[in-house]
Each structure stands twice: as C-alpha cells, then as structure tokens.
Amino acid sequence: MQKINRGDIPAKYAFDWEDEPVLRVAQGEAFQLETDDALSGLIVDDSDDPEVHNFTGEHVVSLQSVWPPTYNPVVGPIYVEGCERGDTLAVHIDWIDPWRYGFSGILPGIGPLGDSKRWADCSEPHVQVIEHFPGPSGHTRDGTGKYSDKLTWDLMPFCGTLAVAPEREVFTSLLGQGPFGGNIDCRDVRAGHTIYLNAYHAGGLLYVGDMHGGQGDTEFTGIADETRATIQLSATVIKNKHAPCVRIEKPDSIVAVGINLPMEHAVYDACDNMMQWLRDDYGVSGKDTYIRMSCDPAFRIRTYQMVRAVTIQHVVGAEYPKERLFPAI
C-alpha cells in the first residue's frame, strides 16, 4: 500500500493546480497519509509529559509571519487516474487514527468572544490538551478523549480539510472553501462516508489535512480537537457530473452542503443542493422536496462550522434519510 509519512514531503498551505502530484493512485486503490495538526506541531511529542507550545510563543508567532498565516498544513496533491475536468471525485474514508494528543483552547483573535469584556476569561490565550486513548480495536479510531480528570467522551475523528485544486484561483488551505471542498471542518467527513467533490483538473488533485479527534456543532471557538493523524482513504470517479457544492453519502442518509455568509444563505444553498440532488439522481420533483423539507421531521439542518475568523464562511448540511429518497407526489 502506498503511504506518505509525516515529514516525507514538505507541507502545503494552498490548493494549487500547478503543484506537482506527490502521489498517483488508481481508482479504488486504498492509500494512507500521515498529517500534521493545524498548527504544525503545537504538541511536540507523544511522551507522558509532552512539550506543548503556547498560543503566544515563538512557534505560533512564526506561523503568523505571513498573511494569511501558515496554519492548516495539507498533504497533496494526490493524482487519481482516470479523473478529468468535469468529473466528480468520490472520496471514501476507511478510517482515521488520531495521534495520542490533540489540543483545543482559545487562540487570540479567533472566535466570537475574542474581544469580550463580559467573558474576559474567554478572550485569554489558553491551550487545552486532550489525550486520546485507544478503543476496542486497539486504535484511537474508536477510542476516547480525556478532556480533564473529570470528563471524557467518545472520539469521532474526521478530516477538517479535504479539497481538490480549484479551477483557476489558488486558495490557501486555511481560508479556501467552495464546491472544491476546502477547510470546511465538517464532522461528517469521517470514516465510512463518501465525499463528492467537483474535479476541475486531470487527476482531481486531492489535498488532505486538518484532522480532528472530534468537534461540537459550530466549532464555536474556531479550534476543535486538533491533532495529527493517519488516514486511510480511496477515490473513484463519476464521469461528466458536477454538483453545486460538496455532497456526502453516509450509510443511512445523504448530506448536501452549503457554504456561504451569512448563516441563512448557507442554509438556503444546502437546501438547493439537496433539491438538485433528489431531482437529478432520484427523480424527486423540486416541489415534492420543497414541501417535504418543511413538514418531514426526518429532514435536518446540520451546523458544522460557524466561526468568526477572517473570511471563513459558514458551513451547514441539509440531511435526509435514504429510506425517503423516492418521489412521494
């Protein structure tokens, strides 16, 4: 199996169609990538007493020495044989194993309370280390996260940044978002799910990074459980097909993503994406879907990313169960 280990290649901080591929894979071929955390090694080692950089020290300041900051390193691009402009790249995630440690906390200037006087302790720099423990499989993919001596929870690892190279423009891996994917911090980009991305260039040119041990709805502070990880994934191609935005297929439901500002426009876009998906692939009329979205309790809106930071947009998903994917009127 092909694998890129952490440190084998230089980290990338943009989705650029002129980048040379770092890996070429056949359709359906499983491959593995080791990724760094969003702050490129904020936790230095995985010992019992690890060295941890703070958010105001030299390590983070160096990442902020350019604009936009060199946060959010990604691995790529990966060239998928048989993928051409105008196709859809279907990326299936087999599993994600987070590193022993992750971190969250309060990064100065990020999040809605960064300048709050009422919540003064929510504007002060703080690193919260989260330790990851293996689960029944012997891996962290089904493990637990230790937030403190009093609180643990089940991990839900996911890939925060999954993108193909956009058509013309170059977007940073920190701020780039769109129909090509990007830094959308969608917690449904996880094991057992297939993510559909529009392809704009030969090979698709896939970028992967920004793994998380888990995340709550909205990622309110702008920092979830950020971690290094190993991910195994594969990709296939759907010929001559494009969608308005990212789509996700889960075992029992489908999710149409919307990316926009303000939040309500992201919701509108997700619903429109869902309506087109049901019309084109399942023969459900727009009127049928439109009415059902108002009255069927199984229709849900998922709030993935609602972060106040630079030009980051809001990310939501319109979700509907597979058992309902048929014309009803």
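The coordinates are above.
Along each chain, residue indices are assigned from 1 in the same order as the chain's sequence is written. The predicted nature of this model means local features are confined to residues of pLDDT at least 70 and side-chain atom pairs, given and counted, to a pLDDT of 80 or more, with totals for whole chains, interfaces and linings taken over all residues. Water and hydrogen atoms were dropped before computing side-chain values, which therefore reflect all heavy atoms in the structure.

## Observations regarding the overall build of the protein chain
- Segments assigned H or I by DSSP are reported as helices when at least four residues long, segments assigned E as strands when at least two residues long, and all are numbered from the N terminus. A count of helical and extended segments in the protein chain gives 3 helices and 20 strands.
- Throughout, radius of gyration means the C-alpha value; the globule benchmark is 2.2 Å times the number of residues raised to the power 0.38. Whereas a compact globule of 329 residues would reach a radius of gyration of roughly 20 Å, the protein chain reaches 19 Å, a difference of no more than 12%.
- The C-alpha extent of the protein chain, read off along each of the three principal axes, is 60 × 45 × 45 Å.
- Residue contacts follow a heavy-atom distance rule, with two residues in contact if any of their heavy atoms lie within 4.5 Å. A fraction of 75% describes how many contacts in the protein chain between residues 6 or more apart in sequence connect residues 24 or more apart.
- For the protein chain, the computed accessible surface area is about 14600 Å², with 51% contributed by carbon and sulfur atoms. Method for areas: the Shrake-Rupley scheme with a 1.4 Å probe, in which residue coverage is limited to the protein chains shown.

## Some remarks on the pattern of salt bridges
- We define a salt bridge as a contact between a side-chain nitrogen of Lys or Arg and a carboxyl oxygen of Asp or Glu at a distance within 4 Å. Considering all chains together, one arrives at 19 salt bridges under this definition.
- Between Arg-187 and Asp-217 there is a salt bridge, and its shortest N-O distance comes to 3.7 Å. On the criterion of sequence distance, the pair formed by Arg-187 in the loop between strand E13 (181-183) and strand E14 (194-198) and Asp-217 in the loop between strand E15 (206-212) and strand E16 (226-238) is long-range, its members being 30 residues apart.
- Of the charged contacts in the structure, one is a salt bridge between Asp-288 and Arg-292, with a shortest N-O distance of 2.9 Å.

## Details of the nonpolar core
- Core analysis: the biggest nonpolar cluster contains 47 residues, and Leu-33, Leu-89, Cys-159, Leu-162, Leu-206, Val-208 and Ile-231 have the highest contact counts within it.
- In contact with Val-208, other than residues within four places in its own chain, are Leu-33, Thr-35, Val-74, Val-75, Cys-159, Thr-161, Leu-162, Ile-231 and Leu-233.
- For the purposes of this section, nonpolar cores are sets of buried Ala, Val, Leu, Ile, Met, Phe, Trp, Tyr and Cys residues that join through side-chain atoms within 4.5 Å. Only protein chains enter the accessibility calculation, which uses a 1.4 Å probe; a residue is then buried when its area is under 20% of its type maximum, exposed when over 50%, and partly exposed in between. One finds Leu-42, Ile-43, Leu-107 and Ile-223 within the second-largest nonpolar core, a separate group that totals 17 residues.

## Thoughts on the side chain of Thr-218
- With respect to the helices, strands and loops of the structure, Thr-218 is situated in the loop between E15 and E16.
- With residues up to four places along the chain from it excluded, the contact list for Thr-218 reads Thr-303, Tyr-304, Gln-305, Met-306 and Val-307.

## Here's the deal with the packing of aromatic side chains
- Here a Phe, Tyr or Trp ring, Trp counted by its six-membered ring, pairs with any other such ring whose centre lies within 6.5 Å, and the pair is stacked when the planes are under 30 degrees apart, edge-to-face when over 60, and tilted otherwise. Tallying each qualifying case throughout the model produces 8 aromatic pairs.
- Ring centres of Phe-55 and Phe-103 lie 6.3 Å apart, and the angle between their planes is 65°; this geometry places the pair in the edge-to-face category. On the criterion of sequence distance, the pair formed by Phe-55 in the loop between strand E4 (31-35) and helix H1 (58-63) and Phe-103 in strand E6 (residues 88-106) is long-range, its members being 48 residues apart.
- Taking relative accessible area as the criterion, Phe-55 reaches 4% and is therefore assigned buried.
- Their ring planes at 75° and their centres at 6.4 Å tell us that Tyr-196 and Trp-277 sit as a pair that is edge-to-face. Residue Tyr-196 is found in strand E14, and its partner Trp-277 is found in helix H2 (residues 263-282); the two are separated by 81 residues along the sequence. Comparing Tyr-196 with Trp-277 shows no difference in burial state: the two are buried.
- Over the face of the ring belonging to Tyr-79 we find Arg-24, whose NZ or CZ atom lies 4.1 Å from the ring centre.
- Charge over a ring is defined by NZ of Lys or CZ of Arg lying within 6 Å of the ring centre and within 35 degrees of the ring normal. Taking the ring centre of Phe-326 as reference, the NZ or CZ of Arg-292 above it sits at 5.7 Å.

## Some words on a nonpolar patch on the surface
- Residues enter patches when they are more than 30% accessible in relative terms and free of salt bridges; like-charged ones are connected within 9 Å and nonpolar ones (Val, Leu, Ile, Met, Phe, Trp, Tyr) within 5 Å. Among the surface-exposed residues, Tyr-147, Leu-151 and Trp-153 lie close enough to one another that they form a single nonpolar patch of about 260 Å² accessible area.
- Along the polypeptide, Tyr-147 turns up in strand E8 (residues 144-148).

## Some details on helix H3 (residues 286-295)
- Buried residues of H3: Asp-288, Thr-289, Arg-292 and Met-293, and no others. Here the buried residues of H3 occupy an arc of 130° about the axis, which is enough to place them on one side. Of the exposed residues in H3, the ones pointing more than 90 degrees away from its buried face are Lys-287, Tyr-290, Ser-294 and Cys-295.
- Close packing links the buried residues of H3 with H2 and strand E20 (314-321). In this context, the arc is that of the directions from the helix axis out to the C-beta atoms.

## Quick word on the pairing of strand E7 (residues 126-133)
- Two strands pair when backbone bridges link them, and E6 and E7 are joined in this way by 6 bridges, in the antiparallel orientation. The residue of E7 that forms the bridge with Ser-104 is Gln-128.
- Inspection of the sheet shows E7 paired to E8 by 3 bridges, in the antiparallel sense. Note on E8: the bridge partner recorded for Glu-131 is Lys-146. Strands were regarded as paired on the criterion that DSSP finds at least two bridges between them.

## With respect to the pairing of E6
- Of all 19 residues that make up E6, 16 are buried, and the element is covered over most of its length.
- The pairing of E6 with E14 spans 5 bridges and is classified as antiparallel. Bridge pairing links Leu-89 to Leu-197 in E14.

## Side note on the side chain of His-193
- Looking at the element boundaries, His-193 is found in the loop between E13 and E14.
- Here His-193 is in contact with Val-91, His-92, Ile-93, Asp-188, Ile-248, Glu-249, Lys-250 and Pro-251, once residues within four sequence places are set aside.

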